[in-house]
Amino acid sequence: MTEPNPQTGANHKWGPGHPPAASAPPSGVTAHPPAGPGYGYPAPAPQPGYGFPQQPAAPGGPAAPVPMGGAVLLSIGDIMVTGDQIVTPAGRVPLRGAVWNATDMSHTEERIPSHAIVLAVVFFLFCLLGLLFLLMKEKRTTGYIQVTVTSAGRHHATMVPARGPATFPAVMGQINYARSLSSM
């Protein structure tokens, strides 16, 4: 078994640099011309600017990208606001007349950490000041703030993770700015 395929014989060439040979299609099947390079061979190199809209090339100069609606003024989660549009993963909608809403789905809990309880018990045995360790508190915020925007009959919602108690007022400040842009 030193040959790659013993049924093809010693004259068969295969591997990189040797494209597969065309075989006759079975009876009753029409043959189609090959669409491109064979299986396993690299595709042609992509053209410059591949995947981005291009303007026609000016004589003697390279093509320039098409402007995409201006600079981003505001970004809330995956919603971006430009000069006159709202850009979401589902597409673009007009900014004028958009309705913005936010719902706070976060929860902040305050508890005594376990190391404070251990220190209070240990130091209570030595002196009564150990009970002051029970005054230690830690706050932990979990959850999300849901931001929704509706414009031109389309609706998009995004979830912004709550990092602390101040996250919701910060997001509301951004939404109030977006509302002021929508009313212009």
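As a reminder, the structure under discussion sits directly above these lines.
The text that follows walks through the structure, step by step, so that each part is easy to find.

For the rest of this paragraph, the subject is the overall build of the protein. Within the protein, the secondary structure is distributed over 2 helices and 7 strands. Secondary structure elements of the protein occur, N-terminal to C-terminal, as β-β-β-β-β-α-β-β-α. Relative to its 184 residues, the protein shows a buried fraction of 18%. Within the protein, residue pairs in contact and separated by at least 24 positions form 51% of the contacts whose partners lie at least 6 positions apart. Counting only carbon and sulfur atoms, one obtains 64% of the accessible surface of the protein, whose full area is about 13,600 Å².

Summarising the sheet, strand β3 (residues 85-88) and strand β4 (residues 91-94) pair through 4 bridges and their orientation is antiparallel. Bridge pairing in β4 links Thr88 to Gly91. Joining the antiparallel neighbours β3 and β4 is a turn of 2 residues.

Before going further, it helps to examine the sheet that holds strand β5 (residues 99-111). Strand order in the open sheet formed by 3 strands is β5-β6-β7, with antiparallel pairing between adjacent strands. Looking at strand neighbours, the two that pair on one side only are β5 and β7 (154-161), the edges of this open sheet. Between one strand and the next, the sheet's axes are offset by a mean angle of 10°, whatever the strand orientation. Two strands pair when backbone bridges link them, and β5 and strand β6 (residues 138-151) are joined in this way by 13 bridges, in the antiparallel orientation.

Moving on: the nonpolar core. Core analysis: the largest hydrophobic core is formed by 18 residues, its most contacted members being Ile76, Ile86, Trp100 and Val147. Of all the secondary structure elements, the ones that give two or more residues to this core are β1 (74-76), β2 (79-81), β6 and α2 (167-182). Looking at which element gives the most residues to this core, the answer is α2, with 4 residues. With near-sequence residues (within four places) excluded, Val147 lies in contact with Ile76, Ile79, Trp100, Asn101, His156, Ala157, Thr158, Val160, Val171 and Ile175.

Here the focus is the sheet that holds β1. Taken together, the 4 strands give an open sheet; going across it, the order is β1-β2-β3-β4, and neighbouring strands pair in antiparallel fashion. The open sheet has two edge strands, β1 and β4, and neither has a second partner. The mean inter-strand angle of the sheet, taken between neighbouring strand axes irrespective of direction, is 20°. This element, α2, spans β1 and β2 of the sheet and lies at about 130° to β1.

So, how was this worked out
Residues numbered from 1 in each chain as written. Predicted model: local features only at pLDDT ≥ 70, side-chain atom pairs only at ≥ 80, totals over all residues. Heavy atoms only, no water. Helix = DSSP H or I, 4+ residues; strand = E, 2+ residues; numbered from the N terminus. Buried < 20%, exposed > 50% of the residue type's maximum accessible area, 1.4 Å probe, protein only. Contact = heavy atoms within 4.5 Å. Areas by Shrake-Rupley, 256 points an atom, 1.4 Å probe, with all protein chains shown as cover. Pairing = 2+ DSSP bridges. Axes fitted to C-alpha atoms, helices over the stretch in contact; angles between N-to-C directions. Core = buried A, V, L, I, M, F, W, Y, C linked by side-chain atoms within 4.5 Å.

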